[in-house]
Amino acid sequence: MTARNALPGPHGAPAPTLDLGGRTALVTGAAGGIGRACALRLAGAGAKVRVVDRDAAGLEALAEQSRGLAGTLEPLVLDLTDLDAAELAAAGTDVLVNNAGIQLVRPIEEFPPDVFHTVLTVMLEAPFRLIRGALPHMYGQGWGRIVNVSSVHGLRASAYKSAYVAAKHGLEGLSKTAALEGAPHGVTSNCVNPAYVRTPLVEKQIAGQARAHGIPEERVLAEVLLQDSAVKRLIEPEEVAEAVAYLCGPHASFVTGTSLVLDGGWTAH
C-alpha cells in the first residue's frame with residue numbers, strides 16, 4: 001500500500017493521507033451514529049469494511065449510502081452478546097473499531113442487574129473477544145490498528161450511569177493492555193474519548209436524564225449534558241470518525257496505549 005499525497009508535511013515533504021486500500025476493517029454498532037460515520041470514513045479510504053450491527057435495516061441503509069466510495073461494505077447482522085460469533089467475525093481483520101454501545105440512566109439501587117450484565121457484555125467483553133479474534137492475523141502480518149470508541153466517561157464518572165461508566169473504564173484498561181502486548185507486533189491500540197455526540201443514543205439519554213434529575217428535557221442539554229464542557233455543543237459523528245481515521249494513518253504509528261480526548265474541555269477542569 002502507498003500513501004496518497006495531501007498537504008505538505010515537515011520540510012516541504014508531502015504529508016501522507018489515509019489509504020486503506022487492500023485492508024479489511026470491522027466496525028461494530030455500524031448501523032447508526034459514530035459507527036456509521038466510521039464505516040463510511042474507512043470505506044472512503046479504500047477499506048473493505050465489515051459493518052456489524054443487530055439492526056439489519058440500518059445496515060441495508062448504510063450500504064446504500066456507501067455507493068461510490070473507494071472501498072466496500074460487508075454487512076453482518078450480529079448481536080454482540082453472542083460472544084463466540086463476535087470473535088469469529090473479527091478473524092482476518094486489519095483495522096478493528098469497537099464502537100457498539102448501549103445506555104440506561106438509573107440510580108444504582110434501581111439499576112436492573114440483568115441490564116448491567118448486558119451492558120458489560122456488549123461494551124467490554126465483546127471488545128475483548130473481537131480483539132482476541134483479530135490479533136492472530138494482525139500479529140501474523142506485523143500490522144494492525146485497534147481503535148476503541150470509549151468516552152469521556154472512560155475518564156470521568158457521572159451519576160446514574162453505573163454500567164456505562166464501568167464498561168468504559170474497563171475498555172480503557174483493555175485497550176492499554178492490548179497496546180503493550182501488540183507493540184512488538186506492529187499493532188497499536190488506542191481509545192477515542194468523545195463527550196456527548198449527536199447520535200440516537202444521546203437523544204435517548206436526554207429523556208432518561210430528564211427523569212433522573214426531575215427537570216424538563218429542554219433543560220437537559222444545557223444544564224446536564226454540556227454543563228462541564230467549555231464548548232457548548234454536541235460533537236458530530238463525523239468528527240469522531242476523523243479521529244478514528246487519524247489513529248489508523250501513517251502519522252499515528254507511534255501513538256498507542258493512549259486516549260484521544262474529544263471532550264470540548266470537560267476534563268480540563
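Residues numbered from 1 in each chain as written. Predicted model: local features only at pLDDT ≥ 70, side-chain atom pairs only at ≥ 80, totals over all residues. Heavy atoms only, no water.

So, the overall build of the protein chain
In terms of helices and strands, the protein chain carries eight helices and nine strands. Computed over its C-alpha atoms, the radius of gyration of the protein chain comes to 18 Å, within 12% of the 18 Å expected for a compact globule of 269 residues. Projecting the C-alpha coordinates of the protein chain onto the three principal axes gives extents of approximately 55 × 45 × 40 Å. Burial analysis of the protein chain (269 residues in total) assigns 51% to the buried set. (Helix = DSSP H or I, 4+ residues; strand = E, 2+ residues; numbered from the N terminus. Rg over C-alpha atoms; globule rule 2.2 N^0.38 Å. Buried < 20%, exposed > 50% of the residue type's maximum accessible area, 1.4 Å probe, protein only.)

Some details on the nonpolar core
In terms of nonpolar packing, the biggest core is built from 48 residues, with Leu20, Leu42, Val49, Val51, Val95 and Val97 touching the most fellow members. Apart from residues lying up to four places away in sequence, Val97 is in contact with Leu26, Val27, Thr28, Cys38, Leu42, Val147, Val149 and Val244. Ala89, Ala90, Leu171 and Leu174 belong to the second largest nonpolar core, which has 29 residues in total. (Core = buried A, V, L, I, M, F, W, Y, C linked by side-chain atoms within 4.5 Å. Contact = heavy atoms within 4.5 Å.)

Let's talk about the confidence of the model for the protein chain
Close reading of the predicted structure is inappropriate where its pLDDT is low. Counting all residues, the mean pLDDT for the protein chain is 92, and 94% of those residues have values of 70 or more. The low-confidence segment residues 1-10 (pLDDT under 50) makes 27 contacts with residues lying over four places distant or belonging to another chain. (pLDDT = per-residue confidence, 0-100.)

Remarks on the pairing of strand 3 (residues 24-28)
The two faces of the sheet receive side chains in turn, since in a regular strand these alternate between them. Across the five residues of strand 3, five count as buried, placing the element largely inside the fold. Neither face of strand 3 is left uncovered, since the one carrying Thr24, Leu26 and Thr28 and the one carrying Ala25 and Val27 both have all their residues buried. Looking at chain direction, strand 3 and strand 4 (residues 48-53) are connected through five bridges and run parallel. From the neighbouring strand, Leu26 faces strand 4, where its bridge partner is Arg50. For the crossover that starts at strand 3, traverses helix 1 (residues 33-44) and ends in the parallel strand 4, the hand is right-handed. The pairing of strand 3 with strand 6 (residues 95-98) spans three bridges and is classified as parallel. The partner of Ala25 across the bridge, within strand 6, is Val95. (Pairing = 2+ DSSP bridges. Right-handed = clockwise from strand over helix to strand, strands pointing away.)

Details of the packing of aromatic side chains
Tallying each qualifying case throughout the model produces two aromatic pairs. Aromatic pair Tyr196 and Trp266: ring centres 5.8 Å apart, planes at 25°, arrangement stacked. You can see Tyr196 sitting in the loop between strand 8 (187-194) and helix 6 (200-213) and its partner Trp266 sitting in the segment after strand 9 (259-262), a full 70 residues away along the chain. Its relative accessible area of 7% is what places Tyr196 among the buried residues. (Phe/Tyr/Trp six-rings, centres within 6.5 Å; stacked < 30°, edge-to-face > 60°.)

Some remarks on the packing of helix 6 against helix 7 (residues 217-225)
One can describe the packing of helix 6 onto helix 7 by two numbers: an axis separation of 9 Å at closest approach and a directional angle of 90°. By the angle between their directions, the pair helix 6 and helix 7 is classed as roughly perpendicular. Together, Val202, Ile206, Ala207, Gln209, Ala210 and His213 of helix 6 and Glu217, Val220, Val224 and Leu225 of helix 7 make up the contact between the two elements. A class-by-class count of the residues in the contact of helix 6 with helix 7 yields seven nonpolar, two polar and one charged. (Axes fitted to C-alpha atoms, helices over the stretch in contact; angles between N-to-C directions. Parallel < 35°, antiparallel > 145°, perpendicular 65-115°, else oblique. Nonpolar A, V, L, I, M, F, W, Y, C, P; charged D, E, K, R; others polar.)

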